[in-house]
Amino acid sequence: MGAILLLEQCLNGLQLGIMLFLMAAGLTLIFGVMGLINLAHGSLYMIGAFACAAVASWTGSFTLGLVASVVCAAAAGALIEIGVMRRLYQRDHLDQVLATFALILISSEAMRWLFGSYPLYLDVPEVFYGAINLFGVLQYSRYRLFIIVLGLLTALGIYLLINKTRIGMRIRAGAADRQMTAALGINISLIFTLVFALGAALAGFAGALVGSIQSVDIGMGEPVLILAFVVVVIGGIGSIRGALVGAIIVGMVDTLGRGYLPQLLQLILDPVFANTLGAALASIAIYLLMIMILIFKPKGLFPAYG
Amino acid sequence: MSEKYLNRIMIALLLGLPWLAHWLDEPYYVSLATRIAILALAGVGLNLALGLGGMVSFGHAAFFGIGGYVTGILASHAFNSEPIISGFMGTTQMLIIWPLAMLIAAIVAVFIGLLSLRTSGVYFIMITLAFAQMIYYFSISWPTYGGEDGLPIYVRNGFPGINTLQPIQFFMICCTLLLITLWGVSRLQNSRFGNALQALRQNETRVTSIGINPLGIKLTAFVISATITALAGSLFADLNRFVSPTMFSWHTSGEIMIFVILGGLGRLYGPLAGAGLFILCEALLGGWTEYWQFFLGLLLLGVVLFARGGLIGVLSREQKNA
Amino acid sequence: MPNPVIEIINLSKSFGAIEATQELSLTLNFGEIHALIGPNGAGKSTLIKQITGYIQPDQGQIRFLGQTITQLSPANRARLGLAQTFQVSSLIMEYSCIDNLLLVVQARSGSSFSFFAAVRDDQKLLAQAHNYLEQVGLSDRHHLPASALSHGERRQLEIAMALALEPKAFLLDEPMAGMDPAGVKNLIEMLKKMRLQAPILLIEHDMAAVFALADRITVLDYGRIIATGSVDSIRNNEQVQIAYLGVSS
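Okay, so let's go over this structure. Not measured: the values here are computed from a predicted model. (Residues numbered from 1 in each chain as written. Chains lettered and ligands numbered in written order. Predicted model: local features only at pLDDT ≥ 70, side-chain atom pairs only at ≥ 80, totals over all residues. Heavy atoms only, no water.)

1. A short note on the overall build of chain B
Then, in step 1: For chain B, the helix and strand inventory stands at 13 helices and two strands.
Then, in step 2: Against the globule reference of 20 Å for 322 residues, chain B gives a C-alpha radius of gyration of 19 Å, in line with a compact fold.
Then, in step 3: Counting only C-alpha atoms and orienting by the principal axes, one finds that chain B spans roughly 55 × 45 × 40 Å.
Then, in step 4: Counting all 322 residues of chain B, 60% fall into the buried class.
Then, in step 5: Of the roughly 12,200 Å² of accessible surface on chain B, 64% is carried by carbon and sulfur atoms.
Then, in step 6: Computed over 15 positive and 12 negative side-chain charges, the separation of the two mean positions in chain B equals 19 Å. (Helix = DSSP H or I, 4+ residues; strand = E, 2+ residues; numbered from the N terminus. Rg over C-alpha atoms; globule rule 2.2 N^0.38 Å. Buried < 20%, exposed > 50% of the residue type's maximum accessible area, 1.4 Å probe, protein only. Areas by Shrake-Rupley, 256 points an atom, 1.4 Å probe, with all protein chains shown as cover. Lys, Arg positive; Asp, Glu negative; His and termini not counted. Charge placed at Lys NZ, Arg CZ, Asp CG, Glu CD.)

2. Re the environment of Phe31 of chain A
Then, in step 1: For Phe31 of chain A, the location among the structural elements is in helix α1 (residues 2-34).
Then, in step 2: Classification of Phe31 of chain A as buried rests on a relative accessible area of 14%.
Then, in step 3: On a C-alpha basis, the gap between Phe31 of chain A and Ala175 of chain A in space is 8.9 Å, while along the polypeptide they are 144 residues apart.
Then, in step 4: Discounting chain neighbours no more than four positions away, the residues touching Phe31 of chain A are Leu36, Ile37, His93 and Ile237 of chain A together with Val122 of chain B. (Contact = heavy atoms within 4.5 Å.)

3. Remarks on the sheet that holds strand β6 (residues 82-85) of chain C
Residue and element names in this part refer to chain C.
Then, in step 1: On the basis of which strands lie adjacent, the open sheet formed by six strands has the order β6-β7-β8-β3-β9-β10 and mixed pairing. In this open sheet, the two strands that pair with only one neighbour each are β6 and β10 (224-229). This sheet shows a mean twist of 15 degrees between the axes of neighbouring strands, independent of strand direction.
Then, in step 2: With five bridges connecting them, strand β9 (residues 216-221) and β10 associate as antiparallel partners. Residue Ile217 lies in a different strand from β10, and its bridge partner there is Gly229.
Then, in step 3: Set on the sheet, helix α5 (residues 151-164) makes contact with β6 and β7 (169-173); between it and β6 the angle comes to about 175 degrees. (Pairing = 2+ DSSP bridges. Axes fitted to C-alpha atoms, helices over the stretch in contact; angles between N-to-C directions.)

4. A look at the interface of chain B and chain C
Then, in step 1: Taken together, the 29 residues of chain B in the interface contact 35 residues of chain C.
Then, in step 2: Of the roughly 2,800 Å² buried at the junction of chain B and chain C (both faces included), carbon and sulfur atoms supply 57%.
Then, in step 3: For the pair chain B and chain C, the number of links is two salt bridges.
Then, in step 4: With a closest N to O distance of 3.2 Å, Arg201 of chain B and Glu94 of chain C form a salt bridge.
Then, in step 5: In this structure, the connection of chain B to chain C is made through 20 residue pairs in polar contact (both at pLDDT 80 or more). (Buried area = accessible area lost by both parts, 1.4 Å probe. Salt bridge = Lys/Arg side-chain N within 4 Å of Asp/Glu carboxyl O. Polar contact = N/O pair within 3.5 Å; in protein donor to acceptor, adjacent residues only side chain to side chain.)

5. A word on helix α1 (residues 44-52) of chain C
Then, in step 1: Here α1 of chain C lies mainly inside the structure; seven of its nine residues are buried.
Then, in step 2: Of the residues making up α1 of chain C, those classed as buried are Lys44, Thr46, Leu47, Ile48, Gln50, Ile51 and Thr52 of chain C.

6. Some details on the sheet that holds strand β1 (residues 6-15) of chain C
All names here are of chain C.
Then, in step 1: Ordered in space as β2-β1-β4-β5, the four strands form an open sheet in which the pairing is antiparallel. Since the sheet does not close on itself, it has two edges, and those belong to β2 (18-28) and β5 (67-68), each with one partner.
Then, in step 2: One ladder, built from seven bridges, connects β1 with β2; its direction is antiparallel. In the sheet register, Leu11 faces β2, and the bridge partner there is Leu24.
Then, in step 3: In the packing of α1 onto the sheet, the strands contacted are β1, β2 and β4 (59-64), and the crossing angle to β1 comes to about 120 degrees.

7. Here's the deal with the environment of Phe242 of chain B
All names here are of chain B.
Then, in step 1: Structurally, Phe242 can be placed in strand β2 (residues 242-243).
Then, in step 2: Residue Phe242 is classed as partly exposed on the basis of its relative accessible area, which comes to 35%.
Then, in step 3: When sequence neighbours within four positions are dropped, the list of residues in contact with Phe242 reads Asp149, Gly150, Leu151, Pro152, Ile153 and Ala237.

8. With respect to the interface of chain A and chain B
Then, in step 1: With 46 residues of chain A in contact, the opposing surface of chain B contributes 43 residues.
Then, in step 2: Interface area for chain A against chain B, summed over the two sides, is near 4,100 Å², with a carbon-plus-sulfur share of 81%.
Then, in step 3: The largest share of the area that chain A buries against chain B comes from Leu94, Leu98 and Phe101 of chain A, three residues that together contribute 15% of it.
Then, in step 4: At the surface where chain A touches chain B, the tally comes to two salt bridges.
Then, in step 5: Arg112 of chain A is paired through a salt bridge with Glu290 of chain B; the nearest N and O atoms lie 3.3 Å apart.
Then, in step 6: Elements with a contribution of two residues or more to the side of chain A that touches chain B: α4 (93-115), α9 (221-235) and α11 (271-296) of chain A.
Then, in step 7: A per-class count over the side of chain A that touches chain B returns 35 nonpolar, three polar and eight charged. (Nonpolar A, V, L, I, M, F, W, Y, C, P; charged D, E, K, R; others polar.)

9. Considerations on the packing of α4 of chain A against helix α10 (residues 250-263) of chain B
Two measures define how a pair of helices packs: the angle their axes make with one another and the distance between the axes.
Then, in step 1: Viewed as axis vectors pointing N to C, α4 of chain A and α10 of chain B meet at an angle of 115 degrees, and their least axial separation amounts to 11 Å. As the angle between them shows, α4 of chain A and α10 of chain B are arranged roughly perpendicular. Considering the relative orientation of α4 of chain A and α10 of chain B, their crossing is left-handed. Touching Leu94, Val97, Leu98, Phe101, Ile104 and Leu105 of chain A of α4 of chain A are Trp250, His251, Gly254, Glu255, Met257, Ile258 and Ile261 of chain B, all from α10 of chain B.
Then, in step 2: The class makeup of the residues in the contact of α4 of chain A with α10 of chain B is ten nonpolar, two polar and one charged. (Parallel < 35°, antiparallel > 145°, perpendicular 65-115°, else oblique. Left-handed = near helix turned anticlockwise from the far one by under 90°.)

10. Considering the state of the cysteines
Residues and elements named next belong to chain A.
Then, in step 1: Evaluation of the coordinates by the stated rule reveals zero disulfides over all chains.
Then, in step 2: No disulfide involves Cys52; its sulfur sits 10.0 Å from that of Cys72, the nearest cysteine.
Then, in step 3: Residue Cys52 is classed as buried on the basis of its relative accessible area, which comes to 0%. (Disulfide = S-S within 2.5 Å.)

11. Section: the packing of aromatic side chains
Then, in step 1: Scanning all chains against the criterion turns up 28 aromatic pairs over all chains.
Then, in step 2: Here Tyr287 of chain A and Tyr137 of chain B contribute two aromatic rings whose centre-to-centre distance is 6.1 Å and whose plane-to-plane angle is 20 degrees, an arrangement assigned as stacked. Separated into two different chains, Tyr287 of chain A in helix α11 and Tyr137 of chain B in helix α5 (residues 121-141) make up a pair that spans both.
Then, in step 3: Seen from their ring centres, Trp98 of chain B and Phe159 of chain B are 5.8 Å apart, and the 40 degrees between their planes marks the pair as tilted. Residue Trp98 of chain B is found in helix α4 (residues 94-116), and its partner Phe159 of chain B is found in the loop between β1 (151-152) and α6 (167-190); the two are separated by 61 residues along the sequence.
Then, in step 4: Under the relative-accessibility criterion, Trp98 of chain B is labelled buried at 8%. (Phe/Tyr/Trp six-rings, centres within 6.5 Å; stacked < 30°, edge-to-face > 60°.)

12. Notes on the side chain of Glu222 of chain A
Then, in step 1: Relative to the elements of secondary structure, Glu222 of chain A occurs in helix α9.
Then, in step 2: The side chain of Glu222 of chain A is buried and forms no salt bridge, while Arg112 of chain A, the nearest opposite charge, is found at 10 Å.

13. Re the pairing of β7 of chain C
Residues and elements named next belong to chain C.
Then, in step 1: Burial analysis of β7 places five of its five residues in the buried class, which makes it a mostly covered element.
Then, in step 2: Judged by which residues are buried, β7 turns out to be covered on both faces: Ala169, Leu171 and Asp173 on one side and Phe170 and Leu172 on the other are all buried.
Then, in step 3: Sheet topology note: the β6/β7 ladder contains four bridges and is parallel. Residue pairing in the sheet places Thr85 in a bridge with Leu172 of β7.
Then, in step 4: Alignment of β7 against strand β8 (residues 200-203), held across four bridges, turns out to be parallel. Bridge assignment links Asp173 to a residue of β8, and that residue is Ile203.
Then, in step 5: Viewed along the sheet, the connection from β7 through helix α6 (residues 181-197) into β8 turns out right-handed. (Right-handed = clockwise from strand over helix to strand, strands pointing away.)

Here you go:
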């Protein structure tokens, strides 16, 4: 019984991790290639979720909703990149933090004006209702499994894109040496817009997928944003592999921590106190993890650029 | 208009308008001015680390919240006559609460600083954010002092000889503390320490190469900055007669940064101008549209992209003293 | 013969497969100008960074006035009297020339943990700062921010800041880089005077200046010393000619 629960929790952790990866991959690419700290990434996640909810309820098709989420988020990303981000590449981190914080305020209020303050309805498509039997022992939500598989496929896609295609090569070149790449005649600003839009698309996609199991509301992007940053820092800035490893670690630590810390502590402490302390520790576990990792590996686990 | 002249105008407005409001029996505006003074104080703290020292701390809300919670906890224990530690029943005296809040913030700042200042750049930003987040989530999950619901302070804490419940009198306490702090920071800015700190912001290698240890200077600046922001947090708790985990949230950290930037990064009175501008937006725009933060965002974006010197920079058109 | 001011003993440093410094030993003695030359990539900058403390060697020791400083932080080494100038001028750009110097004088004359007295009111410190500016001929530029100085003037300011430390040894990293002939001439005279104050470890590419100034020359290539000795012996050394010019005379 305990083993089955553990398996379920691990799968949940994996699912959280994969979603975080979609966010973190965009963030780490944007930071690695353009040197830009983008706090507005959570807003792109939110925009994707809202687009999916709106289109899905309008057309009745979840698939169209997903497509809409990717397209809208990518478009929003491209617009933001051309309008604002371009001016920030040469600026220091403080300016980037403040400008993107401003974008959070702007986009949140804009969305609130468009859609109101109440959450939007977005439900899992019927085909994914219910559970599927895994390994003969566990009944696991079909939809969550779908998310895991889709996320892993996306991760593979990103890996192939970055490492095996010509455009991926240009992206990596741009990250390693921006000026040189531009001097070679490669349109570096187009690359930057593409990278930003790609990151935005991934975030929007994640938002749409998660929005179906949680809720689609204005503030949904912010907790995810912070987690995604933690993942990027743990994994190493600029590294997709680091983002994947970091995301799965964070997903697992967070999920398993919340699931098991209170119980573990109950073995040694008074049950009520253990419950409280366990819940509190679980909520800060990933931050503790990040700080530990930074102390021993100041540039994260797989720093891409030394 | 020179910066000095602008500063005097701001002080005149800060002192004059609330008294005018008091005379016209409009306590709401006195409270508004009190909020400006307190938030300005929080910004003055951050400005020391950020504007003078170049340390982009995205976790200063931690100190703001510590100031608030120390105040709330001490007051609540005194109110309920429950001892915190054997014999000590808490207190409702501001003169005891402030030093305690600042001391605890200083201790936490030493700890956070020692761990964070080994890093720089985006890692420093993330690690300071992480510490603040840890305290935030912890305060939500720990039920003893209200958890997510927060902790009320039923009666505003006391100051000898002053009726702190009277808005104008509490305002004068906050305003006086702000002015004293501004005076202190201005001395600090021109001192040997301030000289080294501001040089460190511009070129750490050079400062190291002449024999000044950067970590010592930065850590000291970080700790002093934390204590000032904590004092503001304590006053904030007394103003609202309420503390909640939102004081620790990263939004609060961002807002304190906004005050500093809107007014002018590194300018002595910048946080005052910035806090004033922010509260004005909230009060005026907020009365007009519930989406006022949209315009605040636009303003902030505009300042960052086009008016880097903030309000004071734009009005004074003067290079700030290094 | 008194002990050397700087003693580098068997220093080694590798970055992955690159051996930037290989079992390098060298000394800087009292009263001398010891020039360090070598082609680009020879490891001169890495060596300087190990002496000043920004890079930790894998092996070996560094001694300064008899004291082992290999574990000391860069700031502490500067306090002991090690002054350096940088290959690319490293100044406090927003500060004026006099403020740049005031900072050095402040650093040398006691603790920077003083929080109330205005440092620019300290007439003694100001006078000292002006004095050093005068020594490099920048007195009339004293109020200008460092960012407004010409390249040559910035190199001069660097020298002034090194002087202001009243050091026991100078480490000068290509001080003449990018200077015009008049500036180079002035600097050569300046260095001759500085040698009387404290010995100089000089990295330079300007061979005329090196031959005019150096008491000893050490030639580096691929992290190793390939020759060391007097000006004449180096000038005629075949290995040096090959390493530098790629030909044999």
